[in-house]
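# Structure assessment
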Amino acid sequence: MGEDSVSGPAELLSVRGAKKVFRLGGILSGTEIIAVNQISFSLLRNTPDIFSIIGESGSGKTTLARMILRLLLPDAGTIELNGKDVHSIRGRQAILRYMRNVQPIFQNPFETFNPLDRVDQFLNETARNYYRGESKQQARERVELALNAVGLSLSEVGGRYPHELSGGQLQRASIARAIIPGPSILVADEPVSMVDASLRMSIVNLFQDLKNQLGTSIIYITHDLATAYYISDRIAIIHKGYFVEQGDTGQILTVPRHPYTKLLVESALDPKPGGTSLADSEAVAKGDEEYLATGCKFAARCPHVMDLCRRKAPPPVTVAGRQVRCFLYGGNDAREGDH
Amino acid sequence: MTTEVLRTNALRASYVTHLYGMDREVRVVEDVSLSMRRNEVFGIAGESGCGKTTLLKLVAGFCRPPLFVQSGSVEFVGERGNVLSLLEASPDELYGIRWRQISYIMQGSMNVLNPVRKVYKSFLDFAYPHMGRMTEREFRMVVIDHLGKLRLGREVLNSFPHELSGGMRQRVTIGLATICKPSIIIADEPTTALDVVIQRETLGLMKRIQEELSLTIVLVTHDLAVHANMADRIAIMYAGTIVEEGLTTDIFEQPAHPYTRHLIGSLPRIGDKERRGFLKGAPPNLAAPPSGCRFHPRCPIAVPQCAVEVPTLKPCAGGTKAACFLAE
C-alpha cells in the first residue's frame with residue numbers, strides 16, 4: 001500500500017460529479033460528446049468491495065476507467081484517492097504512488113504481454129519499477145508471492161513466452177502483474193469478454209479471492225450481467241455517460257427500476273433451455289446518436305417516455321434503496337438546474 | 001419427418017507442417033460423425049482451441065493445406081436426395097453450392113461489411129453472382145423485399161456501414177447470408193463479444209428467419225447460454241472429439257459426460273450466487289494429445305482405464321449419447 005494510506009478520510013476512492021467531454025469535428029463546426037457526465041460513487045477504505053459498472057459499448061465505461069487510472073483528467077468534478085484530488089498530483093514520485101494504489105487489468109490477455117519477452121521478465125520489471133533499490137532476489141520473491149496469489153508459480157511461468165501459456169494462465173499472470181505493487185484498487189475493464197465461458201468463472205472466482213484475502217477493492221467493468229451478479233456487492237448501470245441506476249447488486253438485477261436496466265436484464269440470456277424469449281422485435285439497440293439527445297439519453301427507445309424526458313435530464317432520485325435517474329420515480333420538481 | 005441435410009462420417013483431419021526438416025502433426029478433428037437435419041438449429045459447443053472452427057471449415061467444404069483430411073467424408077444432401085461429397089467436389093461444384101445452399105454468418109459480424117462500399121454494393125459483390133439469371137433491377141427489388149423482412153428500410157442500401165447502428169449492421173449481415181435462401185447457414189460465434197441487447201435481437205432474428213425459411217443453422221459458440229436458447233440439438237466438443245451429443249433439453253437436464261456437467265454447472269445466473277467450480281489444468285496440446293480419453297487429465301472422476309482406452313459415443317439413460325466409460 002502507498003505510504004499516504006495510513007490516515008485520511010473513510011473513503012478510499014471518491015468520484016464526485018466526474019465529467020469528460022470529447023470534441024468531434026472541426027474547430028468551428030464540431031460537436032461535443034459528453035462521454036462521462038455527473039458520475040459519483042465511492043469505495044470505502046475498510047470494507048473492500050467489488051463494484052460493477054455495466055454498460056453497452058460506447059457508454060463511457062472505458063473513459064471512466066481511464067479517469068480512475070489517471071490516464072485522463074476529468075473536465076469537471078473531482079476524483080480523489082485517499083482525499084487527494086487527481087488534479088493536484090504532480091511529479092514522478094506522486095504519480096508513481098497513485099499508480100501503485102490503482103492498477104489496471106486489461107481485456108485481452110494475449111495483447112497484454114510483449115510476445116518477444118518472457119512472461120517472468122515482464123513481472124520482474126514491474127516489481128523493480130515499483131520497488132526501486134531492492135535486490136533482484138527481493139523482486140523475485142515479490143513476483144512469486146503475486147503469482148501464488150493467483151494460483152500460479154514461478155516454476156510454471158518462469159522462462160516461458162506468452163504463446164507458450166494458455167489464455168487462462170496469461171490472464172492470471174496479468175492479474176499477478178497488477179497486484180505486485182500492492183494496490184488498494186484494481187480496475188478491470190472487460191477482463192472476461194475475450195475468454196471462454198469455463199475460464200470466465202475461474203477469473204471471477206479469483207477476483208473474489210483477491211477481495212477476501214488481500215482486501216483489494218475491484219472495479220469490475222463489463223457487459224455481462226450474470227458474472228456481475230455473481231461477484232459484485234454494488235453495481236452501477238451506465239448509459240451514455242450517466243449512471244442511470246446504482247445501488248445493491250442483488251436488488252438492482254432482480255428488481256430493476258430504470259427502463260434501461262429492465263431492458264438489459266430482459267436481454268441477458270438465461271442459461272436454461274427456452275429460458276429467454278427470443279421473439280423477434282423492433283430494433284432497439286441504438287448507436288452513438290443517443291449521445292446528442294438533450295434530456296434523458298434513453299428517451300428515444302424508452303417505452304415509458306414522457307414529454308418532459310426529451311427536454312430535461314432527470315436528476316438522481318432515491319427509490320427502494322438505490323439511486324435512479326428517471327422521471328418515473330420523481331425528480332420533476334427539482335429546483336436546481338441539472339446542468 | 002426431418003431428414004438429413006449434412007453429415008460427417010468418422011472425419012479425421014489434422015494440420016501438418018514441415019519445418020526445418022521436422023514434421024509436426026496437430027490432430028484437430030478426431031473421428032467426428034455428426035448429422036444435421038433440415039429445419040433445425042444444431043449447436044456445437046466447446047472451449048477455444050478445441051477444433052470447432054476447423055470442423056466448420058470442413059463442413060463448408062473448405063480444406064486447404066496445411067489442413068489435411070486423413071479419413072472420413074463430409075456429405076451434403078440436396079433437396080432431391082442427391083448426395084455431394086464436399087471434400088472431393090470440384091471447384092465448380094463447390095461454387096454452385098456456396099451461398100446458394102451453404103452460407104455463413106461470420107465471427108464479429110458487426111464488422112465484416114466492407115467499410116468503403118455502400119451496403120447495396122456489398123449485396124452485389126456477395127450475392128448477385130449466386131442468384132442465377134436475374135437482371136440487376138430485379139435483384140435490387142429482391143434485396144429491398146428481403147431487407148423489409150428484416151425490418152430494414154430501403155435507405156439502408158445507400159448507406160455506408162459506419163452510418164448504421166450495430167444492430168442494423170447485424171441485420172444486414174444476416175440479410176446477406178439469407179438472401180439466396182440457402183438450406184444451411186453456418187454461424188461461427190455470431191454474437192460473441194456483443195452487448196446483451198444486440199445479442200438478444202440478433203438471436204431472435206436468426207431464429208425467426210430460420211423458422212420462416214425452414215433452414216438449418218449450424219451454430220458454433222462457447223457460450224452455453226446461447227445454445228440453451230437457440231439450439232434444438234447440441235454436440236459438445238473437447239480437444240477435437242465429440243464427447244456428448246443430444247437434444248438441448250436432455251443435455252441441460254441430464255448431462256452424462258463429466259465435461260458437459262462441468263460446463264453446465266459453471267454457468268452464472270442472475271439470482272444465484274452459489275460459488276461455481278472450474279476445471280483444473282489447461283486445454284490439451286493437440287500436437288501431443290493425452291492418451292485414451294483426451295479429457296482424463298482434467299476429469300474429476302477418471303479411472304485407470306481412461307488413460308488407456310478411447311471411449312466411443314454410447315446412448316445414456318438421460319437420452320444423450322456420451323463418450324465416457326463411466327456414463328450410464
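Everything that follows concerns the structure shown earlier in this document.
Every chain is numbered independently, its residues counted from 1 as its sequence is written. Written order determines the labels here, with chains lettered from A and ligands numbered from 1. Predicted model: local features are reported for residues with pLDDT of at least 70 only, side-chain atom pairs are reported and counted for 80 or more only, and whole-chain, interface and lining totals are derived from all residues. Side-chain numbers here rest on the full set of heavy atoms in the structure, without hydrogens or water.

### Details of the overall build of chain A
The criterion, for reference: The way it works is that DSSP assigns letters per residue, a run of H or I at least four long becomes a helix, a run of E at least two long becomes a strand, and they are numbered from the N terminus. Using C-alpha atoms as the atom set, the radius of gyration is obtained and then compared with a globule rule of 2.2 Å times the number of residues to the power 0.38. Only protein chains enter the accessibility calculation, which uses a 1.4 Å probe; a residue is then buried when its area is under 20% of its type maximum, exposed when over 50%, and partly exposed in between. The contact criterion used throughout is that any non-hydrogen atoms of two residues lie within 4.5 Å. Only the protein chains shown count as cover for residues, and all accessible areas are computed by the Shrake-Rupley method using a 1.4 Å probe. Charged-residue counts in this description rest on Lys and Arg as positive and Asp and Glu as negative, His and the chain ends being excluded. To locate a charge, take atom NZ for lysine, CZ for arginine, CG for aspartate or CD for glutamate.
Within chain A one finds 12 helices and 12 strands. Relative to the globule expectation of 20 Å for 339 residues, the C-alpha radius of gyration of chain A, 21 Å, shows essentially globular dimensions. For the C-alpha atoms alone, the extent of chain A along its principal axes is close to 65 × 50 × 45 Å. In chain A, which comprises 339 residues, the share counted as buried stands at 57%. In chain A, the proportion of contacts linking residues at least 24 apart, taken out of those at least 6 apart, comes to 66%. When the accessible area of chain A is evaluated, it comes to approximately 14,400 Å², of which 51% is carbon and sulfur surface. Taking the average place of the 38 positive charges on the side chains of chain A and the average place of its 37 negative ones, the gap between the two points comes to 5 Å.

### A closer look at the environment of Lys19(A)
Residues and elements named next belong to chain A. Along the polypeptide, Lys 19 turns up in strand β1 (residues 11-24). Under the relative-accessibility criterion, Lys 19 is labelled partly exposed at 27%. For the pair Lys 19 and Ala 76, spaced 57 residues apart in sequence, the C-alpha to C-alpha distance is 5.1 Å. Excluding its chain neighbours within four sequence positions, the residues that come into contact with Lys 19 are Ile 34, Val 36, Asn 37, Met 67, Pro 74, Asp 75 and Ala 76.

### Brief notes about helix α5 (residues 166-178) of chain B
Residues and elements named next belong to chain B. Short version of the rule: Between the first and last residue of a helix there are one fewer steps than residues, each counted as 1.5 Å, and that sum is the expected span.
Across its 13 residues, α5 extends 19 Å between first and last C-alpha, which sits within 8% of the 18 Å expected from 1.5 Å per residue. A large share of α5 lies buried, amounting to 12 of its 13 residues. Gly 166, Gly 167, Arg 169, Gln 170, Arg 171, Val 172, Thr 173, Ile 174, Gly 175, Leu 176, Ala 177 and Thr 178 are the residues of α5 that are buried. Against the buried residues of α5 lie β6 (102-105), α3 (119-126), α4 (136-149), β7 (184-188) and α6 (196-213).

### So, unusual backbone geometry
Across the junction of Pro65(B) and Pro66(B), the peptide omega takes the value 10°, indicating a cis bond. Here Pro66(B) is to be found in the loop between α1 (52-59) and β4 (67-77). The backbone phi angle of Arg70(A) is positive, close to 65°, even though this residue is not glycine. Among the secondary structure elements, Arg70(A) is positioned in the loop between α1 (61-68) and β4 (76-81). For Trp99(B), which is not glycine, the phi dihedral falls at a positive 70°. Of note, Trp99(B) is situated in the loop between α2 (91-97) and β6. According to the relative accessible area criterion, Trp99(B) is buried, its value standing at 7%.

### A closer look at the sheet that holds β6(B)
Residue and element names in this part refer to chain B. The cut-off we apply is this: When DSSP finds at least two bridges between two strands, those strands are taken to pair. A fitted line through C-alpha atoms represents every axis, and for helices the fit uses only the stretch in contact; the resulting angles, taken between N-to-C directions, go from 0 to 180 degrees.
What the eight strands build is an open sheet, ordered β6-β7-β8-β3-β9-β10-β12-β11; its pairing is mixed. The sheet is open, and its two edges are formed by β6 and β11 (314-315), each paired on a single side. For strand β9 (residues 233-238) and strand β10 (residues 241-247), the ladder comprises six bridges, and the chain directions are antiparallel. The residue bridging Ile 236 from the neighbouring strand is Glu 244, located in β10. Contacts from α6 reach β3 (41-45), β6, β7 and β8 (216-220), with the element oriented near 150° to β8. Along the sheet face, helix α9 (residues 258-265) touches β9 and β10 and points at about 110° away from the line of β9.

### Quick look at the layout of surface pockets
Formally: The method works on a 1 Å grid over the protein atoms by themselves. A cavity is a set of points holding a 1.4 Å probe that cannot get out, a pocket is an open set with protein on both sides within 12 Å along at least five of seven lines, and residues with an atom within 4 Å of a point line them. Grid points are joined across faces, edges and corners, and a volume is the space filled by probe spheres set on the points. Side-chain classes follow a simple rule in which Ala, Val, Leu, Ile, Met, Phe, Trp, Tyr, Cys and Pro form the nonpolar group, Asp, Glu, Lys and Arg form the charged group, and the remainder, Gly included, forms the polar group.
Roughly 640 Å³ of volume is contained in the second largest pocket. Around the second largest pocket, the lining is made up of 34 residues, and of these Asp224(A), Ala226(A), Leu269(A), Asp223(B) and Ala225(B) lie nearest the centre. Those elements that provide at least two residues to the lining of the second largest pocket are α8 (197-214) and α9 (225-231) of chain A together with α6 and α7 (224-230) of chain B. Broken down by class, the residue content of the lining of the second largest pocket amounts to 18 nonpolar, 10 polar and six charged.

### Digging into the sheet that holds strand β2 (residues 22-37) of chain B
All names here are of chain B. Taking strand neighbours across the sheet as the criterion, the four strands line up as β2-β1-β4-β5 in an open arrangement whose pairing is antiparallel. In this open sheet, the two strands that pair with only one neighbour each are β2 and β5 (83-85). Within this sheet the neighbouring strands show an average axis-to-axis angle of 15°, counted without direction. Looking at chain direction, β4 and β5 are connected through three bridges and run antiparallel. Each residue of the ladder has a partner; that of Phe 76, found in β5, is Leu 84. Lying on the sheet, α1 is in contact with β1 (4-19), β2 and β4; it crosses β1 at an angle near 115°.

### Describing the interface of chain B and chain A
Where we set the bar: Buried area: the accessible area, evaluated with a 1.4 Å probe, that two parts lose upon being put together, summed over both parts. Salt bridges are identified by distance alone: a Lys or Arg side-chain nitrogen within 4 Å of an Asp or Glu carboxyl oxygen. Throughout this description, a polar contact denotes any pair of N or O atoms lying within 3.5 Å of each other; where both atoms belong to protein, one of them has to be capable of donating a hydrogen while the other can accept it, and for residues adjacent in sequence the pair is counted only when both atoms sit in side chains.
Taken together, the contact between chain B and chain A spans 42 residues of the former and 46 residues of the latter. Across the chain B/chain A interface, buried area totals approximately 4,100 Å², and carbon plus sulfur atoms make up 59% of it. Its largest share of buried area at the contact with chain A, chain B owes to Arg200(B), Asn229(B) and Ile270(B), together 17% of the area lost on that side. Counting every contact that joins chain B to chain A gives two salt bridges. Close ionic contact of Arg269(B) with Asp270(A) constitutes a salt bridge, the shortest N to O distance being 3.3 Å. Taken together, the links from chain B to chain A amount to 12 residue pairs in polar contact (both at pLDDT 80 or more). Mapped by element, the contributors of at least two residues to the side of chain B that touches chain A are α6, α7, α8 (248-253) and α9 of chain B.

### A short note on the pairing of strand β2 (residues 31-44) of chain A
All names here are of chain A. Across 10 bridges, the pairing between β1 and β2 is antiparallel. Bridge pairing in β2 links Ala 18 to Ile 39. In this antiparallel pair of consecutive strands, β1 and β2, the connection spans six residues, and Gly 25 shows a positive phi of 85°.

### Focus on the environment of Thr63(A)
Residue and element names in this part refer to chain A. Positionally, Thr 63 belongs in helix α1. Measuring from C-alpha to C-alpha, the distance between Thr 63 and Pro 74 comes to 9.7 Å, with 11 residues separating the pair along the chain. If we ignore the near neighbours within four places in the chain, the residues touching Thr 63 are Lys 20, Phe 22, Ala 35, Val 36 and Leu 72.

### Some words on the packing of aromatic side chains
Selection criterion: When two rings of Phe, Tyr or Trp (its six-membered ring) have centres within 6.5 Å they constitute a pair, described as stacked for plane angles under 30 degrees, edge-to-face for angles over 60, and tilted for the intermediate range. Should the NZ of a Lys or the CZ of an Arg lie within 6 Å of a ring centre and within 35 degrees of the ring normal, that charge is described as sitting over the ring.
Under the definition given, this model contains 13 aromatic pairs over all chains. Plain terms: the ring middles of Tyr238(B) and Phe295(B) are 4.9 Å apart, the flat faces sit at 80° to each other, and that makes the pair edge-to-face. Here Tyr238(B) is found in strand β9, whereas its partner Phe295(B) is found in the loop between α9 and β11, with 57 residues between them in sequence. Side by side, Tyr238(B) and Phe295(B) carry an identical accessibility label, which is buried. Over the ring of Tyr229(A) we find Lys273(B), and its NZ or CZ is 5.5 Å from the ring centre.

### A short note on the packing of α3(B) against α5(B)
Residues and elements named next belong to chain B. Rule in force here: We call two directions roughly parallel when the angle between them is under 35 degrees, roughly antiparallel when it is over 145, roughly perpendicular when it lies between 65 and 115, and oblique otherwise. Each crossing gets its hand from how the near helix is turned against the far one by less than a right angle, where anticlockwise is left-handed and clockwise is right-handed.
Two numbers describe how α3 lies on α5: the axes approach to 10 Å, and their chain directions differ by 25°. In terms of axis orientation, α3 runs roughly parallel to α5. In the crossing of α3 with α5, the sense of the turn from one axis to the other is right-handed. Residues Val 119, Ser 122, Phe 123 and Phe 126 of α3 form the contact with α5, whose own contacting residues are Val 172, Gly 175 and Leu 176. Per-class residue counts for the contact of α3 with α5 are five nonpolar, two polar and no charged.

### Comments concerning the pairing of strand β6 (residues 102-105) of chain A
Along a regular strand, successive side chains alternate from one face of the sheet to the other. Residues and elements named next belong to chain A. Where burial is concerned, the two faces of β6 agree: the one with Val 102 and Pro 104 and the one with Gln 103 and Ile 105 are both buried. As judged from the four bridges shared by β6 and strand β7 (residues 185-189), these two strands associate in the parallel manner. Following the sheet pairing, Val 102 is matched in β7 by Ile 185.

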